[in-house]
Amino acid sequence: MRGFVLAQLRRGGGRLVAAGIAIALGSAFVAAALLGSDIVKQTAYNSVSASFAEADLVLTSGTGFSPETVESIGAVTGVEAVSPVQRLSFVVANEGRSDYAWASVTASDERLEPATVESGRLPGSEGELALTASSAKRLGLAVGDVLTVSGFDESEGTARTATLVGTLVDPTGFNYDAPTAVVTEALATDLASAIGVDLYAERALVVLEDARAASRVSNAIEAEVQGVNASTVDEAAHEAVVHFAGETDILTAFVLTFAGVALVVAAIVIANTFQVLVAQRAQMLALLRCVGATRSQVRRSVLIEAGAVGLVASAAGLGLGTLLAQTALWVVPALDLAVPAPSVVTLSAATVAWPLATGTAVTVLAALAPARLATRVAPLAALRPLELTPVRKSSRVRLVLALLGVVVGGGILALATFAALTFDQADPTLFVLAGIFGGAVSVTGVLIGAVYFVPGVARMLGSLAARAGGVPGKVAAANSVRNPRRTTATASALLIGAGLVTMMATGAATARGSLASLLDENFPVDVAVQAPWNASGVGSLTATQVAAVESTDGVARTEPVEAITVTVVAGGDTWSGETAYTASPEGIRAVSRTGAVELPEPGTTAVPAWMDVMEGETVTVTLGEKSVELVNDPDVMGQLWLAEEDLARLGGETVTSALWVSLEPDADPRDVTSNLRDTFTELSSTVGDPPAEILGAAVERAGYEEVIDTLLAIVVGLLGVAVVIALVGVANTLSLSVLERRRESATLRAIGLRKAQLRQMLAIEGVIIAVVGAALGAVLGIVYGWTGSALILGSSGGLRLAVPWRDLAIILAVAVAAGLLASVLPSRTATRTPPVAALAVD
Amino acid sequence: MTQHAPDTGSPAVRARGLTTVYGEGAAAVHALAGVDVDFAAGAFTAIMGPSGSGKSTLMHLLAGLDSATSGTVHLGETELTKLDDDALTLLRRERVGFVFQSFNLLPMFTAEQNITLPLELAGTKVDTGWFDTLVDTLALRERLTHRPGELSGGQQQRVAIARALIARPEVVFADEPTGNLDSRSGAEVLSFLRRSVRELGRTVIMVTHDPTAAAYADRVVLIADGRIAGTIDDPTPESVLAGLDALRSLETPVGTVA
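Asks: Looking at this structure, how should I read the overall build of chain A?
Replies: On a plain count of helices and strands, chain A comes out with 24 helices and 19 strands. In terms of C-alpha radius of gyration, chain A reaches 36 Å, well past the compact-globule figure of 28 Å for 842 residues. Projected onto its principal axes, the C-alpha positions of chain A cover 110 × 85 × 50 Å. Counting the 842 residues in chain A, one finds 50% classified as buried. For chain A, the accessible area works out to roughly 38,900 Å², and carbon and sulfur atoms hold 61% of it. The distance from the centre of the 53 positive side-chain charges to the centre of the 78 negative ones in chain A is 34 Å.

Asks: Can you help me understand the pattern of salt bridges in this one?
Replies: Side chains carrying opposite charge are able to pair once their charged atoms draw close together. All names here are of chain A. Overall, the coordinates contain 24 salt bridges over all chains when judged by the stated rule. Glu765 is paired through a salt bridge with Arg741; the nearest N and O atoms lie 3.1 Å apart. In this pair, Glu765 is assigned in helix α22 (residues 755-793) and Arg741 in the loop between α20 (697-740) and α21 (742-750), connecting sequence segments 24 residues apart. Each member of the pair, Glu765 together with Arg741, is buried. Salt bridges sharing common partners tie together Glu80, Asp109 and Arg111.

Asks: Honestly, the confidence of the model for chain B in this entry has me stumped. Any pointers?
Replies: Low pLDDT marks regions whose predicted coordinates should not be analysed in detail. All names here are of chain B. Across chain B, the average pLDDT comes to 86, with 93% of residues at or above 70. Across chain B, the secondary-structure element scoring lowest on mean pLDDT is helix α8 (residues 237-251), at 81, and the one scoring highest is strand β3 (residues 44-48), at 94. Every residue in residues 1-8 scores below 50 in pLDDT, and together they form 14 contacts with partners more than four places removed in sequence or on other chains. Scored below 50 in pLDDT, residues 252-258 shows 0 contacts in the model against residues more than four places distant or in partner chains.

Asks: What am I meant to see in the pairing of strand β2 (residues 29-40) of chain B here?
Replies: It is a general feature of regular strands that their side chains alternate between the two faces of the sheet. All names here are of chain B. With 9 bridges connecting them, strand β1 (residues 11-22) and β2 associate as antiparallel partners. Among the inter-strand pairings, Leu18 is bridged to a residue of β2, identified as Val35. Taking the residues that link successive antiparallel strands as the turn, the β1-β2 hairpin has 6 residues, and the phi of Gly23 there is positive, at about 80 degrees.

Asks: Could you clarify how one ought to interpret the sheet that holds β1 of chain B in this entry?
Replies: In a beta sheet, neighbouring strands pair by backbone hydrogen bonds and run either parallel or antiparallel. All names here are of chain B. One open sheet accounts for 4 strands, arranged β2-β1-β4-β5; its pairing is antiparallel. Each edge of the sheet is formed by a strand with only one pairing partner; in this case those strands are β2 and β5 (78-79). With 5 bridges joining them, β1 and strand β4 (residues 70-75) adopt antiparallel strand pairing. Within β4, the residue paired with Arg14 across the bridge is His74. Contacting β1, β2 and β4, helix α1 (residues 55-62) crosses the sheet at an angle of about 120 degrees to β1.

Asks: Please clarify how the pairing of β4 of chain B should be interpreted in this entry.
Replies: All names here are of chain B. Here β4 runs beside β5; their pairing, made up of 2 bridges, is antiparallel. Across the sheet, His74 pairs through a bridge with Glu79, a residue of β5. The turn joining β4 and β5, which pair antiparallel and follow one another in sequence, is formed by 2 residues; a positive phi near 60 degrees is taken by Gly76.

Asks: It is not clear to me how the environment of Thr327 of chain A should be interpreted in this structure. Could you clarify?
Replies: Residues and elements named next belong to chain A. Among the secondary structure elements, Thr327 is positioned in helix α9 (residues 295-335). Overall, the relative accessible area of 34% leaves Thr327 in the partly exposed class. Counting along the chain gives 13 residues from Thr327 to Pro340, while the straight-line C-alpha distance between them is 16 Å.

Asks: I'm lost on the nonpolar core in this one. Help?
Replies: Looking at soluble globular proteins, one finds that nonpolar side chains tend to be buried together. Among the nonpolar cores identified, the biggest contains 63 residues, and Ile23, Phe29, Val265, Phe274, Leu285 and Ile725 of chain A are the most heavily contacted of them. Broken down by element, the residue count for this core peaks at 16 residues, all from helix α7 (residues 233-280) of chain A. Two domains each put at least three residues into this core: domain 1 (1-54 + 233-390) and domain 4 (452-523 + 696-842) of chain A. Non-local contacts of Ile725 of chain A, meaning those with residues more than four positions away in its chain, are made with Ala22, Leu25, Gly26, Ala262, Val265, Ala266 and Val269 of chain A. Judged by nonpolar contacts, the second largest core, of 46 residues, contains Leu105, Leu151, Leu193 and Leu244 of chain B.

Asks: I keep staring at a nonpolar patch on the surface and nothing clicks. Help me out?
Replies: Residues and elements named next belong to chain A. A surface patch of nonpolar side chains, amounting to about 600 Å² of accessible area, comprises Leu399, Leu403, Leu404, Val406, Val407, Val408 and Tyr452. Relative to the helices and strands, Val406 is located in helix α11 (residues 396-422). A relative accessible area of 36% means that Val406 is categorised as partly exposed.

Asks: Even after reading the chapter, I still don't get the packing of aromatic side chains, so can you show me in this structure?
Replies: Using the criterion set out here, one finds 5 aromatic pairs over all chains in the structure. With centroids separated by 5.3 Å and ring planes inclined at 75 degrees, the aromatic side chains of Phe254 of chain A and Phe258 of chain A adopt a geometry described as edge-to-face. Of this pair, Phe254 of chain A and Phe258 of chain A both sit in helix α7, separated by 4 residues, roughly a single helical turn. Their ring planes at 15 degrees and their centres at 5.9 Å tell us that Phe98 of chain B and Phe100 of chain B sit as a pair that is stacked. Residues Phe98 of chain B and Phe100 of chain B agree in their burial class; the two are buried. By the ring-pair criterion, three or more aromatic residues cluster together here, those being Tyr581, Trp641 and Trp660 of chain A. Over the ring of Trp130 of chain B we find Arg168 of chain B, and its NZ or CZ is 4.4 Å from the ring centre.

Asks: How should the interface of chain B and chain A be read in this particular structure?
Replies: For an interface, size is often stated in terms of accessible area lost upon the parts coming together. Contacts between the two partners involve 25 residues from chain B and, on the opposite side, 24 residues from chain A. Carbon and sulfur atoms make up 65% of the area that chain B and chain A hide from each other, which totals about 2,300 Å². Joining chain B to chain A, the criterion identifies 2 salt bridges. Glu120 of chain B is paired through a salt bridge with Lys474 of chain A; the nearest N and O atoms lie 2.7 Å apart. Those elements that place two or more of their residues in the side of chain B that touches chain A are α1, α2 (85-95) and α3 (111-122) of chain B. Residue composition of the side of chain B that touches chain A, by class: 12 nonpolar, 5 polar and 8 charged.

Asks: Please clarify how a positive patch on the surface should be interpreted in this entry.
Replies: All names here are of chain A. The grouping of Arg295, Arg299, Arg300, Arg372 and Arg376 at the surface amounts to a positive patch. By the secondary structure assignment, Arg300 is in helix α9. Overall, the relative accessible area of 46% leaves Arg300 in the partly exposed class.

Asks: Teacher, can you tell me more about the sheet that holds strand β10 (residues 227-233) of chain B here?
Replies: Residues and elements named next belong to chain B. What the 6 strands build is an open sheet, ordered β6-β7-β8-β3-β9-β10; its pairing is mixed. What marks the edges here is a single partner per strand, and that holds for β6 (96-99) and β10. Ignoring which end each strand starts from, the neighbouring axes of this sheet average 20 degrees apart. One ladder, built from 4 bridges, connects strand β7 (residues 171-175) with strand β8 (residues 204-208); its direction is parallel. Across the sheet, Phe173 pairs through a bridge with Ile205, a residue of β8. Its contacts with the sheet place α2 against β6 and β7, and it is angled at close to 75 degrees to β6.

Asks: Explain the packing of helix α12 (residues 429-448) of chain A against helix α13 (residues 450-468) of chain A here, please?
Replies: Residues and elements named next belong to chain A. Running from N to C, α12 and α13 point in directions that differ by 60 degrees, and their axes come no closer than 5 Å. Between α12 and α13, the angle falls in the class oblique. The segment α12 lies against α13, with Val446, Leu447 and Ile448 engaging Ala450, Val451 and Phe453. Considered class by class, the residues forming the contact of α12 with α13 number 6 nonpolar, no polar and no charged.

Asks: Could you clarify how one ought to interpret the packing of α3 of chain B against helix α5 (residues 153-165) of chain B in this entry?
Replies: Two quantities define a packed helix pair, namely the angle between the helix axes and the distance between the axes. Residue and element names in this part refer to chain B. It is at 7 Å that the axes of α3 and α5 come closest, and there the two elements cross at 30 degrees. The angle between α3 and α5 places the two elements in the roughly parallel class. Here α3 runs over α5; the crossing is right-handed. Every residue of α5 that contacts α3 at Ala111, Asn114, Ile115 and Pro118 is listed here: Val159, Ala162 and Arg163. When grouped by side-chain class, the residues that make up the contact of α3 with α5 number 5 nonpolar, 1 polar and 1 charged.

Asks: When you look at the environment of Gly186 of chain B in this model, what are you seeing that I'm missing?
Replies: Inspection of the secondary structure puts Gly186 of chain B in helix α6 (residues 183-198). If we ignore the near neighbours within four places in the chain, the residues touching Gly186 of chain B are Thr178 and Leu181 of chain B.

Asks: How should unusual backbone geometry be read in this particular structure?
Replies: Trans is the common state for peptide bonds, and a negative phi is the common state for residues other than glycine. All names here are of chain B. Notably, Phe103 is not glycine yet its phi reads approximately 65 degrees, a positive angle. The topology assignment puts Phe103 in the loop between β6 and α3. A residue is classified by how much of its surface remains accessible, and Phe103, at 9% relative accessible area, is buried. Even without being a glycine, Asp234 presents a positive backbone phi close to 40 degrees. For Asp234, the position within the fold is in the loop between β10 and α8.

So, how was this worked out
- Residues numbered from 1 in each chain as written.
- Chains lettered and ligands numbered in written order.
- Predicted model: local features only at pLDDT ≥ 70, side-chain atom pairs only at ≥ 80, totals over all residues.
- Heavy atoms only, no water.
- Helix = DSSP H or I, 4+ residues; strand = E, 2+ residues; numbered from the N terminus.
- Rg over C-alpha atoms; globule rule 2.2 N^0.38 Å.
- Buried < 20%, exposed > 50% of the residue type's maximum accessible area, 1.4 Å probe, protein only.
- Areas by Shrake-Rupley, 256 points an atom, 1.4 Å probe, with all protein chains shown as cover.
- Lys, Arg positive; Asp, Glu negative; His and termini not counted.
- Charge placed at Lys NZ, Arg CZ, Asp CG, Glu CD.
- Salt bridge = Lys/Arg side-chain N within 4 Å of Asp/Glu carboxyl O.
- pLDDT = per-residue confidence, 0-100.
- Contact = heavy atoms within 4.5 Å.
- Pairing = 2+ DSSP bridges.
- Axes fitted to C-alpha atoms, helices over the stretch in contact; angles between N-to-C directions.
- Core = buried A, V, L, I, M, F, W, Y, C linked by side-chain atoms within 4.5 Å.
- Domains from an automatic or database assignment.
- Patch = residues over 30% accessible without salt bridge, like charges linked within 9 Å, V, L, I, M, F, W, Y side chains within 5 Å.
- Phe/Tyr/Trp six-rings, centres within 6.5 Å; stacked < 30°, edge-to-face > 60°.
- Lys NZ or Arg CZ within 6 Å of the ring centre and 35° of its normal.
- Buried area = accessible area lost by both parts, 1.4 Å probe.
- Nonpolar A, V, L, I, M, F, W, Y, C, P; charged D, E, K, R; others polar.
- Parallel < 35°, antiparallel > 145°, perpendicular 65-115°, else oblique.
- Left-handed = near helix turned anticlockwise from the far one by under 90°.

Written as structure tokens, this is what we have:
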């Protein structure tokens, strides 16, 4: 039997290439995910161990390291040098600019100094200090300059001057504990006592006389010095990495989920390939059975073939994944990320074994059903002329399973969604979990039952193609539903990918819309430009700034909000220095998003809720000598608002504290806000106007949308692999069909089909299959996207179901393009068949 | 376009110096070694010869399905040997019909769709009168909505003949049209081919190795070792067998004849 398998592989190896590519992509994904996780851990390890300098042992102590403790550690036999890692945080300042420093004290032995000098030197004598290069740059300092160091509250006389004697290499990304400054012990002690804290060391580093004696010396230290815990550098770094690993593992699991999706899609492609191969080899298998091969030998031959293909493809995938990871490592240094990433990928047993094992296992599992089909080939079939195997009637079991999945899963999903929408106070986690379960079950049902509706949809699309595409269209339409199962499986693979992408896009669109409606309620205007507060209270926007805002692209209308500082008396309480606001009611309505913002009527006022003034109570607002008595009519805006007329009665000079801005309907708020920011930054540096704060729904929404878009991009990128595999599947199905229809193609050519028409025919067939998969995926994706959004966002209210039209158009366009692309190689094979082949008898 | 030419004087297909060589040097095989032959319009001609005689190669070249090493083929006034693939395709579509040994119907189309396929390819309308004539002559009226899988071999081959004739081609090439049929269905198919020549005025060139089948033709062209070895007019099974025997004795070295 092995000989037979090898012969089959040699003869039909080409037919397995696509299946191989599918599985290779899947296992490359697994390999890259695992290697990526390893690289992150390795990088973290490098970061942490760098902070131990050349130490052999790392000591920790719950009570810190006093000079006495350090001395007794130094006295332990085998210890050559010991240095406590003393830390202190303070503020470094120069000419009005300040920065936060997380400093360490110069190590007593230079081998134990974790900081690396970039220029200058480490502080040696009193009053000297080194800062990271970036910190020094922020403060505008050069080596030799004098700066101020102080505690966080400058008023308490903690300020000292120090000389910058060196700059340090910036700590790496992962090492959040790395010092950003190094000071002498004298300066640190002085500063610590001025601030009123103890100079504390929770760690000490030790160099040994003989590094090989690490375990003996660490035992000795633990025995002789009370409360000290000693570990080797390796142990300590590993322990620190475990801290990261938790987070890394979650991330890895997240990425592996998508690798799983890719493998499922690959499995469909493989199952399809083997199904076709078995059908094509029916006569040969029958012959084998005739000459005495048992059913289990036939089954085994298919499974061994699958195993061989799986193993080879997985190995290729492992290579591809490793190459990807290595490419990333080659790129990292160029990005200047300052992370100590390893320079080469290190393969561990796990990173090699998992991609190989999953790839091979998935291939063999996917081939189980085709293998069973192979055993069903009757020996008698060898004696009959080879006819196309009639399409088996779909079993009743399949129908029942599909319906069960859809009904039960759909029911659970519907109940969970209903519950999430109804009980809006409850924690939605339970509903979401139930919904995921229901969703998974119903999707499985849909996929099992795909054979009942995919061919129908393909037929519908085909009839369009037949009407528009002449003979090639007609033949393509008929061909696309000739093998309903094959078409279904191929389209299903794409359905999964397209469905998940659509689901994510729908979820993102819905989240965007829902957040927008929530924000509309909380922020009455698109953009509010708020002058910064200053020492004398509310700030003012300058005329230049107002003019600049008005002329910014995308700004439709602006309305000034006037402010003045007043004293408020109500219910026996007095609040002085409060800011009262007013604006034109018509103007405010015109710029507000909803048009429903109501300002207080003359004679009334809106007092912020924290003043705890009842509705209808009298409020006295005083400015200098004048005062007005108003009735409280609380408002949601959380500020003290007066009618224009009432404020006028107080006299006094108001300032334009804010501009309420409405945007053009087609303006992108992100562009407008970033333009506004640039404008203010520029005005601040040229004219000296203090930059204003930019608030409002549009700004908030821009922020949220950026997060949503980024997440969507990441998820779609990860799903991309599954989509690519599905497209390989389309090409695969077409090529296998082309091989099967060799004589038909030749006949069509003989009776007058041009080569271009033959190519057209396959292109149309590819497009039909791809579009069916993508369109059904899109429909299901929208349904599940909406349900998912309702589950997650339902409880927050303001759910706005949305259809991501643009994304759907892209998905369909990709499907059409992919269908065309998938037909390129099969077309080459098909057009190479000479018309004479029609005369051949096989 | 020539509708049909009962005038047997001008040949429908003409080959001159047709040579096909496979392989090179010492391994070269002459499938055809300089064939000169005319096929009369409005006649039913059979090409006969033993296996490997070159009869299939000859037909491929005459039908524009393959290209010769040297020599020319004319279909009417058109020299096939000068045409490129697209021109040959158009020529096959409009001026040539094929009947294959394995029927070669498209399994997903009905009999009617199969028959009209060449017209659809050409984008011309179905001439309902001609369609009806063909369907009635070939007795396919009851079978038009059936797919090939629901038809017997003989019925499938009749559908194939209707397909070959629907575009009123100048020549129909039939390659062993009875090879996959039982003798009764075979006889039926051959009668239809002969009727389409005699009653519908078509030109049919048939390759066969069966003397009984060849006897349905108006004329038999015998071919052996890539050369025309003779012709038999108004053949009978006996005369064809005799002709074949003569070929065989030519091939067999004299000394070994028992």
